Amino acid sequence: MGETLLALLVLVFLFLLMGVRVVRQGYVYTIERLGRYTLAAQPGLHVIVPFVDRVGHKVNMMEQVLDIPGQEIITKDNAMVGVDAIVFFQVLDAGKAAYEVSNLYVAIMQLTTTNLRTVMGSMDLDETLSKRDEINAKLLIVIDHATAPWGVKITRIEIKDIRPPADISNAMARQMKAEREKRANILEAEGLRASEILRAEGEKQGQILQAEGRKEAAFRDAEARERLAEAEAAATRVVSEAIATSGTQALNYFVAQKYTEAVAAFANSPNAKTILFPVEATQLIGSLGGVGELVRDALGSPKDKP
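Keep in mind the model is a prediction, meaning the values are calculated, not measured. (Residues numbered from 1 in each chain as written. Predicted model: local features only at pLDDT ≥ 70, side-chain atom pairs only at ≥ 80, totals over all residues. Heavy atoms only, no water.)

Draft legend 1. How the structure looks around the packing of aromatic side chains. Scanning the entire structure with this criterion turns up two aromatic pairs. Ring geometry for Tyr37 against Tyr99: centres 5.2 Å apart, planes inclined by 40°, an arrangement best described as tilted. Of this pair, Tyr37 sits in strand E3 (residues 36–41) while Tyr99 is found in helix H2 (residues 94–99), placing the two residues 62 residues apart along the sequence. The interplanar angle of 70° and the centroid separation of 5.9 Å between the aromatic rings of Phe89 and Tyr105 together place this pair among those described as edge-to-face. Of the two residues, Phe89 sits in strand E7 (residues 80–91) while Tyr105 sits in helix H3 (residues 104–121), which places them 16 residues apart along the sequence. Judged by its relative accessible area of 38%, Tyr105 is partly exposed. One Lys or Arg, Arg24, reaches over the ring of Tyr27 and ends 4.5 Å from the middle of that ring. The ring centre of Phe88 lies 4.5 Å from the NZ or CZ of Arg156, which sits over that ring. (Phe/Tyr/Trp six-rings, centres within 6.5 Å; stacked < 30°, edge-to-face > 60°. Helix = DSSP H or I, 4+ residues; strand = E, 2+ residues; numbered from the N terminus. Buried < 20%, exposed > 50% of the residue type's maximum accessible area, 1.4 Å probe, protein only. Lys NZ or Arg CZ within 6 Å of the ring centre and 35° of its normal.)

Shown next as structure tokens:
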């Protein structure tokens, strides 16, 4: 009797143990009772009825990445390009994801592939290469709308790579090289132009400054000649006044002074070894005598002094 009770207790324990289910974090288990979906078990400990309830699907509720294999797409202008893409999605409703679609991953992959062909097939090659963001946005709207009944949220779609044909790639490389050479030539020409403009401006400023310098020098020379003329005029006026007041005596004095300065200049010349006077010596003596009379008249004779 005791052994039977113990065996019964062991069977009950095993029966209860078979009904214990632990759901991991990030997953949701669908519970089926007699083949019908009844419950979505959240992460944690759950007890089900063995042989009546069973775990139908273990649905991953984390955001997942699905790699779309490369494929060849014909663009609007009949260019064959190779395209790779990736899809980021997250399951929001485990029951719909498990029972509304047969194979969720394959369904999303096929849906993305067909819409990728549709979107890129309606664009030119240049548009497909330059409008990746627009392609991603269009695919995201279409595929997210299509997967909404499956309890799935498409969070992001990215085009990984677009591979144009080899001949088109070579043509694009040559075009890019020619465009860069064109920009380089334009920049070089603009630099030469700026250099010539600056050099011309420098020469212009230099000529202006030289002209201003010549103008200032001419003004200074004219001013100096004017001062010299004024001095000569003043000296001539003084001489004229002296001649007018003293008569021939003053005239003899000035003539003798100039004559003496001229003889002194001849005597001091380094090239003169012999001095020849073109006038008579008596004229020089007479002039000196006139000078002596002028001096005596100016200072007064000694015998006139008291």
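Let us keep going from here.
Draft legend 2. Inspection of the nonpolar core at higher detail. Of all hydrophobic cores here, the largest spans 35 residues; its most connected members are Leu104 and Leu116. Of all the secondary-structure elements, those providing two or more residues to this core are strand E6 (64–74), E7, H2, H3, helix H5 (132–147) and strand E8 (152–163). Counting residues per element, this core draws most heavily on H3, at seven residues. With seven residues, the next largest nonpolar core counts Tyr27, Ile31, Ala41 and Ile48 among its residues. (Core = buried A, V, L, I, M, F, W, Y, C linked by side-chain atoms within 4.5 Å.)

Draft legend 3. Molecular detail of the sheet that holds E8. Here we have three strands laid out as an open sheet, ordered E6-E7-E8, and antiparallel in their pairing. The two strands at the open ends of the sheet, each matched to only one other strand, are E6 and E8. The mean angle between the axes of side-by-side strands here comes to 20°, regardless of whether they run parallel or antiparallel. The pairing of E7 with E8 spans ten bridges and is antiparallel. Bridging across to E8, Val87 finds its partner in Ile157. (Pairing = 2+ DSSP bridges. Axes fitted to C-alpha atoms, helices over the stretch in contact; angles between N-to-C directions.)

Draft legend 4. The pattern of salt bridges, seen in detail. Tallied over the full model, the rule gives 13 salt bridges. The partner of Lys131 in a salt bridge is Glu127, with the nearest N and O atoms 3.9 Å apart. Residue Glu127 is classed as partly exposed on the basis of its relative accessible area of 26%. Through salt bridges with shared partners, a single network forms among Glu216, Arg220, Glu223 and Arg227. (Salt bridge = Lys/Arg side-chain N within 4 Å of Asp/Glu carboxyl O.)

Draft legend 5. Representation of the sheet that holds strand E5 (residues 53–60). Overall, antiparallel pairing links the three strands, which are arranged E3-E2-E5 in an open sheet. Taken across any chain shown, the strands that pair with only one partner, and hence form the sheet edges, are E3 and E5. Strand-to-strand twist of the sheet, defined as the mean angle between neighbouring strand axes without regard to direction, takes the value 30°. Pairing between strand E2 (residues 27–33) and E5: six bridges, direction antiparallel. When the bridges of E5 are listed, Ile31 appears paired with Val55.

Draft legend 6. The environment of Ala137, seen in detail. Structurally, the position occupied by Ala137 is in helix H5. Under the relative-accessibility criterion, Ala137 is labelled partly exposed at 38%.

Draft legend 7. Examining the confidence of the model for the chain more closely. The pLDDT averaged across the chain works out to 80; a share of 78% of its residues lies at or above 70. Overall, residues 301–306 carries pLDDT values under 50, and its contacts beyond four positions in sequence, including any with other chains, amount to one contact. (pLDDT = per-residue confidence, 0-100. Contact = heavy atoms within 4.5 Å.)

Draft legend 8. Structural view of unusual backbone geometry. The phi angle at Phe51 is positive, at roughly 70°, despite the residue not being glycine. Mapped onto the fold, Phe51 is located in the loop between strand E4 (44–47) and E5. Even without being glycine, Asn78 reaches a positive phi, approximately 65°. Structurally, the position occupied by Asn78 is in the loop between E6 and E7.

Draft legend 9. Geometry of a nonpolar patch on the surface. Residues Leu5, Leu8, Leu9, Val12, Phe15, Leu16, Met18, Leu34, Val49, Phe51 and Val52 make up a contiguous nonpolar surface patch of about 1,100 Å² in total accessible area. By the element assignment, Leu5 lies in helix H1 (residues 2–18). (Patch = residues over 30% accessible without salt bridge, like charges linked within 9 Å, V, L, I, M, F, W, Y side chains within 5 Å. Areas by Shrake-Rupley, 256 points an atom, 1.4 Å probe, with all protein chains shown as cover.)

Draft legend 10. H5, seen in detail. Between its first and last C-alpha, H5 extends 22 Å over 16 residues, near the 22 Å set by a 1.5 Å rise per residue. For H5, the set of buried residues is Ile135, Asn136, Leu139, Ile143, Asp144 and Thr147. Seen along its axis, H5 keeps its buried residues to an arc of 140°; they face one direction. Structural note: H5 exposes Ile141 and His145 on the side pointing more than 90 degrees away from its buried face. Packing partners of the buried residues in H5 comprise H3, helix H4 (125–130) and E8. (Expected span 1.5 Å × (residues − 1). Arc of directions from axis to C-beta.)

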